Amino acid sequence: MKQGPEVPMAHVVVPRTLAPAFAGLLRQGIGVWLPAPKPVRDFLVEEVGLELGYATHEIPGLFLNGVAVDDWENTLVAPGDEVALSGTMPGLAGIALRRQSPLRSFRSDLTVPFRSAAAVAGMVTLRPFNFVAQQAVQPLLARGVYVSGAELARYVEARADELGACRLMGGEGCLEDAMACWRQVEVVHLQVVWEE
Amino acid sequence: MKILRINTRSRTYRFEDLGEYAGLGGRALTSRIINREVPADCHPLSAENKIVLAAGILAPTTAANSGRMSVGAKSPLTGGIKESNSGGQFANTLPKLGLLAIVLEDKPEAGSPMMDIVVRPDRVEFHDSVAAGMRTYAAQEKLLATYGKEMVTAMVGPAGEQCLSAATVQFSDPDGLPSRSAGRGGMGAVMGSKRVKAILLDSTAAQKVEYADEEGFKAARKEWVDIMRNHPVTSQGLPGFGTAVLVNVINAAGALPTKNFRFGQFAGAEKISGETLAETITKRGGKTKHGCHSGCMIQCSQVYHDKDGKYLTTGFEYETIWGFGADLMVEDLDDIAMMDRTCDEVGMDTIEMANTMAMAMEAGIINWGDGKAVIRELNKVGTDDPLGRIYGNGTAYTAKAFGVDRVPVVKNQALPAYDPRAVKAVGVTYATSPMGADHTAGYGVAQNVLKVGGDVDGHKKEGNVEISKNLQVATAAIDSLGLCLFVAFAVLDDARGVPCMAKMVETYTGKPFSVDDLIALGANCLKDELDFNRRAGFTPEDDQLPRFFQTETLPPHNVGWGYTVEELQGAKV
Ligand code: SF4
C-alpha cells in the first residue's frame, strides 16, 4: 500500500468462504489512493494491483467518470475521478461499450476526451461490477481500500447473519462491536486477511 | 414441414405444403404471410387479419438455441406489421407434429365462447375453452389437467381476451409454466379477437426430422456449440448474471433511462442490478440459470423466489427490470418481480406496461418510486375496471387518456431500455424499424464481420444510419432461423459464426445456402415489412423519435439526438 491519508484502520480477519459477501461493497465504490495522475492501464496495474493480463482480457468494460475508455494507455485518471470496471457484457449496448469495440462509434458521444491533469495526489473511486467484483474482491481487500465508515457499518450490519464469523485482527472483538466506532468516521482504511 | 391453417369461425382446419413459402421460417415466414395475405389497411382486430405462429428454419434440428418462436400479425398497437419473438417450448414442438407454422384466420361471431385448440399428431380438436377468463398460471393448470400434462401451450391472458393492445401471447417454458411472452405489439389481442384462449401441442408426437446431410449438419452444429463455449458472453456473461448484468453497466455509462427518460443514471441501480438479483436468488434457493426453451445451452434466464422462498417469476430480464425499476424509480427488486409476474399472469408486455405506468406517474395517479401502487394498477388490467382497459392499451393510449405530453413511443410502441441519445445506432433503429421502437429489431452485430453494406464510419451520422440498417438486416435473418439473438449476435465476434449458421441451414435442407443467402433472407424480410407498412399508410414522418429527444439533452453527459427525418431514411433497406 502506497502512502495514503492518515485514517482509522479497519483490519479484519474473514473466512475466505465469505469473500463473495463483500463484492457488493466494492460495487458501491471504494477509494484507491493515487499518488499522481496516470493512465488508466497503469492505475489498474500499479494502484489497484490487477495483473496486466487479467485487466487486458477480463475487463472489456472500462468507464472513467461514466464514459467508456478506449485508449487506456493514454487516458489519464486523476484524483476525484470514478473508474468503473465490468466483465463481459451482452447485447448491443454491451458490445458497443467494450474497450476498442468494433461498434464503439455507437456511443461516440460517450468517449473520454483527451485531457491533462495537475500532478496532485488524492483518492479515486473504484467501482468494479459483476465478474470483476467477484474476482477482485480478495486481492483488493487484502491490499486495502478506503471506504466511508458509515457505509461500511451499514453494509456489515445489513449482512450481520452472514458475516458473524468475521473478527477484528489482533483482538477478540467481532465486527459488530467496531461498527459504533467506524460509523463516526468519514473514511476508514479497510484491510482484510482471508482465513482458510 | 407443413403449415396448419385454422379457420376460427368455422372451427375447421387444413394442412398445407409450404409452397410459395418454402425456404422461409420464423420472422421471414410470418412477415411474408402477413404481407401477402392480410390487407394492409384492415382493422387489426377484424376477421381479415391473421396471426401466424412460426418456428424458425432451424427449429426442427438439434442446433443449440434454435427454439425461438415468431408470432406475426398486423399489430393493434402500431397499426403496422409485427413480429414478436419469444422463448418457450412451442417452436421445438411444432416440428414434432410435422408443422413449421400455425395460421389463425377469420374470426367467430361477437359473443362466441373462447376456444382451446388441441393439435395432435393425427387431428386438430376444438373445444370451448376450459380456462376462459382465467389468468395464465391458473389457466395453464386447468388446461394441462384437462388435455394432458404433456401439452405445450400458447395462450392469452385476460388482457388478450379483452383485445387490449399491450396483450401478449404466453408460451409455456421447460417447467410447464406460461412464463415466456411474445410481448411486443399486442399479438395477444389478435389471438383474443379470434376467440382463441389457447393452442395446445401434443409434445409426445415424434415426427422424425430428415437431414439432407446429417454428418455435415452434425459437424456444423458442433462448431456452433464450440463457438458459444469459447465466447466470453455466451460462456460466462449470460449464464453468470443474465441480461440484468447490464443494469449497473448501462447506468455507469449514463445510458439507463430514468424517470421516463429524463436522466441517464438511476441512484438505486445497484439495488436492482443483475448482481443483486443473482445474490438474492442464491440466498432464497432460486436458480441463477434457466433456459427459456430446452434447447438452450446458455441459460441466461433465472427462477426468482419471494422472501419466503416460494416461486415468484422467471424470465426476469434486463428490459423488465429497467422498465419497472429505473424508469419508474422503483428500487425494490421484489416489487419489480411481482410486476413481472403480474404481467405474465394477465398476459401483457412488460416494456409497454412499464412505460404505461410512467404515464400514470406523469399524470400524478401514482407517485414516482411507488412500487406497490404500480402492482395495484397493473392488477386492474384484464378486469372490469375501466382504468385497466386504458392501461392495457399501452403507453400512447394512456398518455392520451391522461393528457400527458412526454410519451416515449415510436409508431405507438413504447421504447425499451437504452437511451437513444446515448447509444445512437439503437436510436436510429428505434426510429426506423418497421416494428416501432424495438431494441431487438437491431441488436448488436459486428458489422465488420457481416460486412453488410460495406465499411462505414459510425462517427459520422450517416455511418450510424448505415450500421443500423445492417443490424436490422442481420436481426431479421437470425429471427428467421429461430436462433436466440443474445447468442447469435454475441458469437458474431467469431469469424466462424455467420458461415456456421449458413452451414447448418445448408446441411439440414440440402439446398445451397451461403452467407449472402442469409443476408438476403433478412433483407427480404424487412422489405416485406416495409412494403406492408407503406401500404398501411406509414410515411417517413413516422420514422422519428418523440420530440423531447430532439429538444432535451440527457444528463449526466448532456448528449442530444439531432437526426432529421431525411437522414434516418437511409436506415431502411
Ligand atoms: S440465452 Fe437466454 S434468451 Fe437465449 S435461448 Fe437461452 S434462455 Fe433464451
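What comes next concerns the included structure. If you're wondering where the values come from, they're calculated on a predicted model, not measured in any experiment.

Here we look at the overall build of chain B
- Assigned secondary structure in chain B consists of 23 helices and 17 strands.
- Radius of gyration (C-alpha) of chain B: 22 Å, near the 25 Å computed for a compact globule of 573 residues.
- For chain B, the spread of C-alpha atoms along the three principal axes comes to 60 × 55 × 50 Å.
- Out of the 573 residues in chain B, the part that is buried amounts to 66%.
- Put simply, chain B shows about 17800 Å² of open surface, and 49% of that area lies on carbon and sulfur atoms.
- For chain B, the distance from the average site of its 60 positive side-chain charges to the average site of its 70 negative ones is 1 Å.

Considerations on the site of the ligand
- In the vicinity of the ligand, the residues found are Asn65, Arg68, His290, Gly291, Cys292, His293, Cys296, Ile298, Gln299, Cys300, Cys484 and Val487 of chain B.
- The residue inventory of the shell around the ligand, partitioned by class, reads six nonpolar, five polar and one charged.

Here we look at the pairing of strand S14 (residues 301-305) of chain B
Residue and element names in this part refer to chain B.
- Of all five residues in S14, five are buried, a share of seventy percent or more.
- Here S14 shows a buried face lined by Ser301, Val303 and His305 and a second buried face lined by Gln302 and Tyr304.
- Bridge count for strand S13 (residues 287-290) against S14 is two bridges, and the pairing is antiparallel. Among the inter-strand pairings, histidine 290 is bridged to a residue of S14, identified as serine 301.
- Between S14 and strand S15 (residues 311-314), which pair antiparallel in sequence order, lie five residues; one of them, glycine 309, sits at a positive phi of approximately 80 degrees.

Describing the state of the cysteines
Residues and elements named next belong to chain B.
- Evaluated as defined, the whole model comprises zero disulfides over all chains.
- In this structure cysteine 343 is a free cysteine whose sulfur lies 18 Å from that of cysteine 292, the closest cysteine sulfur available.
- Taking the relative accessible area as the measure of exposure, cysteine 343 reaches 0% and is therefore buried.

Thoughts on the sheet that holds S14 of chain B
All names here are of chain B.
- In spatial order, the strands read S13-S14-S15; together these three strands make up an open sheet with antiparallel pairing. One side of each edge strand has no neighbouring strand; the edge strands of this open sheet are S13 and S15. Between one strand axis and the next, the sheet turns through 30 degrees on average, direction left out of account.
- As paired strands, S14 and S15 are joined by three bridges and run antiparallel to one another. Within S15, the residue paired with tyrosine 304 across the bridge is threonine 313.

Quick look at the environment of arginine 184 of chain B
Residues and elements named next belong to chain B.
- Along the chain, arginine 184 falls in the loop between strand S11 (180-182) and helix H5 (187-193).
- The class of arginine 184 is buried, set by a relative accessible area of 7%.
- When the C-alpha positions of arginine 184 and methionine 348 are compared, they lie 8.7 Å apart, and in sequence the two are 164 residues distant.
- A polar contact of 3.4 Å, which involves the side chain of arginine 184, links it to the side chain of glutamate 352.

Section: the interface of chain B and chain A
- Across the contact, 46 residues belong to chain B and 33 residues belong to chain A.
- In total, chain B and chain A occlude about 3200 Å² of area from one another, counting both sides; carbon and sulfur atoms represent 66% of this.
- Contact with chain A buries surface across chain B, with Gln236, Phe241 and Val249 of chain B losing the most and accounting together for 15% of the total.
- For the pair chain B and chain A, the interface holds three salt bridges.
- Put simply, lysine 283 of chain B and glutamate 162 of chain A hold a salt bridge, and the shortest N to O gap is 3.9 Å.
- Going through the elements one at a time, helix H7 (232-241), helix H8 (246-252), helix H9 (274-284), helix H16 (424-432), helix H17 (447-450), helix H18 (461-481) and helix H19 (485-490) of chain B are the ones with two or more residues in the side of chain B that touches chain A.

The rules behind the values
- Residues numbered from 1 in each chain as written.
- Chains lettered and ligands numbered in written order.
- Predicted model: local features only at pLDDT ≥ 70, side-chain atom pairs only at ≥ 80, totals over all residues.
- Heavy atoms only, no water.
- Helix = DSSP H or I, 4+ residues; strand = E, 2+ residues; numbered from the N terminus.
- Rg over C-alpha atoms; globule rule 2.2 N^0.38 Å.
- Buried < 20%, exposed > 50% of the residue type's maximum accessible area, 1.4 Å probe, protein only.
- Areas by Shrake-Rupley, 256 points an atom, 1.4 Å probe, with all protein chains shown as cover.
- Lys, Arg positive; Asp, Glu negative; His and termini not counted.
- Charge placed at Lys NZ, Arg CZ, Asp CG, Glu CD.
- Near = heavy atom within 4 Å.
- Nonpolar A, V, L, I, M, F, W, Y, C, P; charged D, E, K, R; others polar.
- Pairing = 2+ DSSP bridges.
- Disulfide = S-S within 2.5 Å.
- Axes fitted to C-alpha atoms, helices over the stretch in contact; angles between N-to-C directions.
- Polar contact = N/O pair within 3.5 Å; in protein donor to acceptor, adjacent residues only side chain to side chain.
- Contact = heavy atoms within 4.5 Å.
- Buried area = accessible area lost by both parts, 1.4 Å probe.
- Salt bridge = Lys/Arg side-chain N within 4 Å of Asp/Glu carboxyl O.

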